[in-house]
Amino acid sequence: LNYLRDILVLRSFMSAAPFSGRAKRLMQSVKATGCDALLVAKSIHLYYLTGFTGDSSFLLVTPKRMILISDDRFAVQLEEECPQIEKHIRGHDKNT
């Protein structure tokens, strides 16, 4: 929990620019390798790519789209931390 607090403190000093650049480069890499999609499942990687500090979530990256998949417990947090990213919200009672 301490690392999440630290992330939130750092987040207040950062803009979305570093995250959008990382995400764009990842989409370009997915396209360059010929992959249909890449699924990012670790919370720390989600944060690095999107700025999202929650858990129980995934990031689906295709050559043309990026979708943050999470459950309804994080709907407000997702809008606050990642307004620029497409989202798919499932019920929290669904398996991840």
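Up top you'll find the structure we're talking about.
Below or above, wherever it landed, is the structure these notes cover.

Criteria and thresholds
- Residues numbered from 1 in each chain as written.
- Predicted model: local features only at pLDDT ≥ 70, side-chain atom pairs only at ≥ 80, totals over all residues.
- Heavy atoms only, no water.
- Phe/Tyr/Trp six-rings, centres within 6.5 Å; stacked < 30°, edge-to-face > 60°.
- Helix = DSSP H or I, 4+ residues; strand = E, 2+ residues; numbered from the N terminus.
- Buried < 20%, exposed > 50% of the residue type's maximum accessible area, 1.4 Å probe, protein only.
- Lys NZ or Arg CZ within 6 Å of the ring centre and 35° of its normal.

### Some points on the packing of aromatic side chains
Taken as a whole, this structure holds two aromatic pairs when the rule is applied. Aromatic pair Phe-19 and Tyr-47: ring centres 5.5 Å apart, planes at 70°, arrangement edge-to-face. In this pair, Phe-19 is assigned in helix α2 (residues 17-33) and Tyr-47 in helix α3 (residues 43-50), connecting sequence segments 28 residues apart. Owing to a relative accessible area of 1%, Phe-19 belongs among the buried residues under this scheme. Judged by relative accessible area, which is 13%, Tyr-47 ranks as buried. Aromatic pair Phe-52 and Phe-74: ring centres 5.8 Å apart, planes at 90°, arrangement edge-to-face. Taken together, the positions of Phe-52 in the loop between α3 and β2 (58-61) and Phe-74 in the loop between β3 (66-71) and α4 (75-81) put the pair 22 residues apart, joining distant regions of the chain. Note on accessibility: Phe-52 and Phe-74 belong to one class, buried. Seen from the ring of Tyr-48, Arg-22 lies directly overhead, with NZ or CZ sitting 3.9 Å from the centre.

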